[in-house]
Amino acid sequence: MSETNVNKSEIIVALDIGTTKICAIAGRRDQHGKIEVLGFGKVASEGVLRGVVSNIEKTVKAIAEAVNMAQRTAGQTFKVVHVGIAGQHIKSLQHRGILTRDSDHTEISRRDIDRLISDMFKLVLPPGDKILHVIPQEYTVDNEQGITDPIGMSGIRLEANFHIITGQISASNNIHRCVERTGLKVANMTLEPIASASAVLSEEEKEAGVALVDIGGGTTDITIFQEGIIRHTAVIPFGGNVITKDIKEGCTVMKPQAEKLKVRFGSALAEEVYDNRIISIPGLRGQDHKEISEKNLARIIQARVEEILDYVIWEVRRSGFERKLIGGIVLTGGGALLNHIDKLSEYHTGMSTRIGTPVEHLAHGYHEQLSSPIYSTGVGLLIKGLDDLEAGLIPAQTVETKDDEETVMEKEPVGNWYDHLFKRTKEWFEAEPDNEF
């Protein structure tokens with residue numbers, strides 16, 4: 001097998017099925033360990049409500065369009081995708097597992113850990129729920145507590161605390177059904193806030209303690225890390241769409257106008273806006289223009305963002321790690337694009353806040369638009385897929401080169417290949433502005 005074929009076999013395709021957009025990103029890891037984005041596609045999502053598929057036909061159509069865009073950009077045909085799952089149905093719980101080994105003379109192996117984890121999947125859950133992730137917290141070997149990696153140690157009694165994430169079987173099945181109806185297969189399914197954390201958080205932040213707040217279109221996802229381990233996850237049923245609805249009702253405008261007001265003039269902090277700025281909006285047929293104060297617009301937005309932050313504070317306190325988050329809060333997702341939202345978060349929560357963007361893991365030459373917090377989940381799913389591939393948890397997918405007249409990329413010189421890639425990617429980014437938050 002040639003080196004080119006080896007590289008092709010390592011391509012991973014991530015599929016982010018969100019409330020406001022469906023995004024497909026194809027990429028692989030380069031020789032420096034960075035993510036090289038080969039293909040990209042994004043379309044508006046109309047069949048997803050609060051992170052859950054609500055219309056199969058519309059979702060299937062959007063997935064097919066997004067994947068086709070990524071295939072045309074990359075010049076490849078894909079068979080397998082790595083999908084994210086989110087929504088208000090996501091729940092989490094803590095559980096303790098115990099394994100009694102046959103001998104204390106043999107070392108604890110990966111097989112023992114896997115047996116302990118597999119036992120967690122036997123838990124009795126409410127009807128209609130399934131376990132999505134089982135995340136070890138810390139282990140106890142005999143009476144020795146606080147062990148993060150017991151492999152190689154000796155002992156009879158192996159115990160562990162687990163953070164278990166569950167979701168509705170129907171929601172998972174609907175995602176599988178939508179993907180399979182486009183002719184693709186699902187390699188694995190990852191909770192979206194876990195994927196976003198892979199893209200925007202550093203190992204130092206995870207070790208110090210940090211709360212990742214992913215403000216999407218339909219929901220706000222929270223993931224709390226401490227000592228490098230996921231300690232708590234939660235889903236808040238409010239997102240950017242609720243802010244748009246508030247603007248629509250508070251300013252008595254149409255929904256598209258409310259979305260444009262939020263994107264172009266919105267601010268999460270009213271005191272940062274001048275009092276005398278007035279926004280003029282065209283009225284309906286035969287009606288005069290409507291004038292809206294930018295200050296009042298900011299007050300509407302701030303009220304809803306503060307409500308979301310109140311839920312964040314409540315979840316942080318419920319996790320028990322309120323005093324242990326040295327890294328503070330990291331905001332990502334489309335909602336993080338609101339002006340001054342990081343300042344409002346610091347004022348309201350009393351915790352240091354920054355905006356998380358998925359640029360750290362991207363190889364040089366990525367399109368500037370991919371650095372937006374909107375694509376944190378998509379890039380994170382790509383990273384998780386590559387990690388699973390390198391760990392041998394999933395097989396490498398075979399890809400086919402497309403030799404149609406639109407994408408004869410392999411037959412062009414290297415310089416033309418890059419020119420073609422970035423030109424087409426730029427066309428798609430500029431065709432529709434990013435207004436998902």
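Because the structure is predicted, anything quoted here is derived from the model rather than measured.

With respect to helix H3 (residues 110-120)
Reasoning step 1: All of the buried residues along H3 are Asp112, Ile113, Leu116, Ile117 and Met120. Around the axis of H3, the buried residues are gathered within 135° of arc, so they sit on the same side.
Reasoning step 2: For H3, the elements touching its buried residues are strand S8 (91-100), strand S9 (129-141) and strand S11 (157-168).

Some points on the side chain of aspartate 388
Reasoning step 1: Here aspartate 388 shows up in helix H11 (residues 376-390).
Reasoning step 2: Put simply, aspartate 388 is tucked away with no salt bridge, and the nearest opposite charge, on lysine 384, sits 5.9 Å away.
Reasoning step 3: Engagement of the side chain of aspartate 388 in a polar contact is seen with the side chain of asparagine 188, the distance being 2.6 Å.

A look at the pattern of salt bridges
Reasoning step 1: Under the criterion given, the structure shown has 21 salt bridges.
Reasoning step 2: Of the charged contacts in the structure, one is a salt bridge between arginine 96 and glutamate 159, with a shortest N-O distance of 2.9 Å. With a gap of 63 residues between them, arginine 96 in strand S8 and glutamate 159 in strand S11 connect regions that are remote in the sequence.
Reasoning step 3: A salt bridge links lysine 262 to glutamate 259; the nearest nitrogen and oxygen atoms lie 3.4 Å apart. Here the residue lysine 262 and the residue glutamate 259 both occupy positions in helix H8 (residues 255-265), the gap between them amounting to three residues, near one helical turn.
Reasoning step 4: Via salt bridges that share partners, Arg29, Asp387 and Glu390 belong to a single interconnected network.

Details of the environment of glycine 146
Reasoning step 1: Tracing the chain through its elements places glycine 146 in strand S10 (residues 144-147).
Reasoning step 2: For glycine 146 and alanine 160, which are 14 residues apart along the polypeptide, the C-alpha to C-alpha distance reads 9.4 Å.
Reasoning step 3: Apart from the residues within four sequence positions on either side, glycine 146 is in contact with Glu138 and Tyr139.

Cut-offs used in this document
Residues numbered from 1 in each chain as written. Predicted model: local features only at pLDDT ≥ 70, side-chain atom pairs only at ≥ 80, totals over all residues. Heavy atoms only, no water. Buried < 20%, exposed > 50% of the residue type's maximum accessible area, 1.4 Å probe, protein only. Helix = DSSP H or I, 4+ residues; strand = E, 2+ residues; numbered from the N terminus. Arc of directions from axis to C-beta. Contact = heavy atoms within 4.5 Å. Lys, Arg positive; Asp, Glu negative; His and termini not counted. Salt bridge = Lys/Arg side-chain N within 4 Å of Asp/Glu carboxyl O. Polar contact = N/O pair within 3.5 Å; in protein donor to acceptor, adjacent residues only side chain to side chain.

Functional significance is not addressed by these values, which are geometric in nature.
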